[in-house]
Amino acid sequence: MLNRQLPKPAELFELLQFKKPEFNGKKRRLDAALTTYDLRSIAKRRTPAAAFDYTDGGAEGEISMQRARQAFEDVEFHPDILRPAPHVDTSTEVLGGLSALPFGIAPTGFTRLMQTEGEVAGAGAAGAAGIPFTLSTLGTTSIENVKAANPAGRNWFQLYVMREREISYGLVERAARAGFDTLMFTVDTPVAGHRLRDKRNGFSIPPQLTAGTVLNAIPRPWWWIDFLTTPKLEFASLSTTGGTVGDLLNSAMDPTISYEDLEIIRAMWPGKLVVKGVQNVPDAVKLIERGVDGIILSNHGGRQLDRAPVPFHLLPKVVREVGRDATVMVDTGIMNGADIVAAVALGAKFTLVGRAYLYGLMAGGREGVDRMIEILRSEIERTMALLGVSSLDELEPRHVTQLSRLVPVQQESVAIAESLM
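From a predicted model like this one, the values you see are computed outputs, not experimental measurements.

> Help me understand the pattern of salt bridges in this model?
Proximity of charged atoms lets side chains of opposite charge pair with each other. Scanning the entire structure with this criterion turns up 20 salt bridges. As a salt-bridge pair, Arg 174 and Glu 144 come within 2.8 Å of each other at their nearest N and O atoms. With a gap of 30 residues between them, Arg 174 in helix 9 (residues 165-177) and Glu 144 in helix 8 (residues 143-149) connect regions that are remote in the sequence. Among the charged side chains, a salt-bridge network with shared partners connects Arg 40, Asp 53, Asp 56, Glu 62 and Arg 197.

And the structure:
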């Protein structure tokens, strides 16, 4: 029979420990965010729809973006038991320098439209965390101001080859003078992808007021106050603006970009050169043969060609071909530290996060980016410890199985081709 008694006051107070209230609303929101998807939810509440959807969306049916995320979710880990890893080392050497974590911040365009602190927040947070920060050609903070925000950290510059080549050449020279150590030559944007969310929202640079945007802004006055009371957007490469993002990209980008342009930039750039946007094995091999220092497997976050290859699926094949000769990196679809661990296990030397960074930025400015980095850091450390590995070098392909939902129908396509010969 169960014996009951009245609780003693002393014992009751031992059980009940009251949490000190947090009166700082931003800190309270960010502390409650346990995943990057939590940051995304906060960002969506606090950011006008057009700006949020520019970050959150992809090209056309957003199939590439969804497949990339699904690929990471379809990972099966294989932990080693009875191999304690009480102290986990997440540091790595990449492109001639150290990074405290196996990821850096990817280049993002028009960043101060997402949240007014923009690249200054990203660069400052990256510097504090000891990871690289990448400034986009279409960034909204100058090369020099990013350097000022991250004076002792690693700054990388992402380059688009513009129709007016002298603009691109000038940016390369400025980045070199500012001490940026790596140039990211981007090859997957000869023309703009068809981003339907931007079309439907009427997203333009600069933002245009319509009845819809005014109604959407009413519950988010802080965004408009920040936008209207801070310095005018400063673009690294665009002297004139006006129109949709697609309009701006198509007016600036050049579909005739070629290996000749790569050779010109290689000759100009004194630091490490990587090519971003590689999507097949033959191109990876050709680039390494031409002497680039690294490649980034990327489909531009699913924002260019819809139904493009999934970079994470492509990773093992590329590593087998060129992994000994060059630094292989990957982006697109990374939303969890476990995604990063899986990529490293399959041979990636480094990874880049874009949307996760912007979700943190929109959720809380600099503090939101700090929180995003901390979330990914904790997920990386916990995943490694549970796998029984103490350093990134101990991660091996045997730790990961890529479960596949997309199996190419090769036999049928080959038979059709042979019948036409």
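Next comes the rest of the write-up.
> What's the story with unusual backbone geometry in this structure? I'm lost.
Trans is the prevailing form of peptide bonds, just as negative phi is the prevailing case for residues other than glycine. Positive phi values are uncommon outside glycine, yet Glu 60 reaches one of about 50°. On the secondary structure map, Glu 60 appears in the loop between helix 4 (49-56) and helix 5 (63-73). A relative accessible area of 41% means that Glu 60 is categorised as partly exposed. Positive phi values are uncommon outside glycine, yet Leu 95 reaches one of about 50°.

> Could you clarify how one ought to interpret empty space enclosed by the protein in this entry?
If you roll a probe as big as a water molecule over the atoms, it shows you where there is empty space left. Counted under the stated rule, the structure contains 2 cavities of 30 Å³ or more. A volume near 510 Å³ is recorded for the largest cavity. In terms of lining residues, the largest cavity is bounded by 32 residues, among which Pro 107, Thr 108, His 300, Arg 303 and Gly 354 are the most central. Of all the secondary-structure elements, those providing two or more residues to the lining of the largest cavity are helix 4, helix 5, strand 11 (350-353) and helix 18 (355-387).

> Is there a simple way to explain helix 7 (residues 118-129) in this structure?
The α-helix winds at 3.6 residues per turn, so residues separated by three or four positions along the chain end up facing the same way. Taking 1.5 Å as the rise per residue, helix 7 with 12 residues should run 16 Å; its terminal C-alpha atoms sit 17 Å apart, in good agreement. Across the 12 residues of helix 7, 9 count as buried, placing the element largely inside the fold. All of the buried residues in helix 7 are Gly 118, Glu 119, Ala 121, Gly 122, Ala 123, Gly 124, Ala 125, Ala 126 and Ala 129. Buried residues in helix 7 make contact with strand 4 (103-105), helix 6 (111-114), strand 5 (133-135), helix 8 and helix 18. Looking at the residues trailing helix 7, positive phi occurs at Gly 130, about 75°.

So, how was this worked out
- Residues numbered from 1 in each chain as written.
- Predicted model: local features only at pLDDT ≥ 70, side-chain atom pairs only at ≥ 80, totals over all residues.
- Heavy atoms only, no water.
- Salt bridge = Lys/Arg side-chain N within 4 Å of Asp/Glu carboxyl O.
- Helix = DSSP H or I, 4+ residues; strand = E, 2+ residues; numbered from the N terminus.
- Buried < 20%, exposed > 50% of the residue type's maximum accessible area, 1.4 Å probe, protein only.
- 1 Å grid on protein atoms, 1.4 Å probe; cavity = no way out; pocket = protein on both sides within 12 Å on 5 of 7 lines; lining within 4 Å.
- Points joined across faces, edges and corners; volume = space filled by probe spheres on them.
- Expected span 1.5 Å × (residues − 1).
- Contact = heavy atoms within 4.5 Å.

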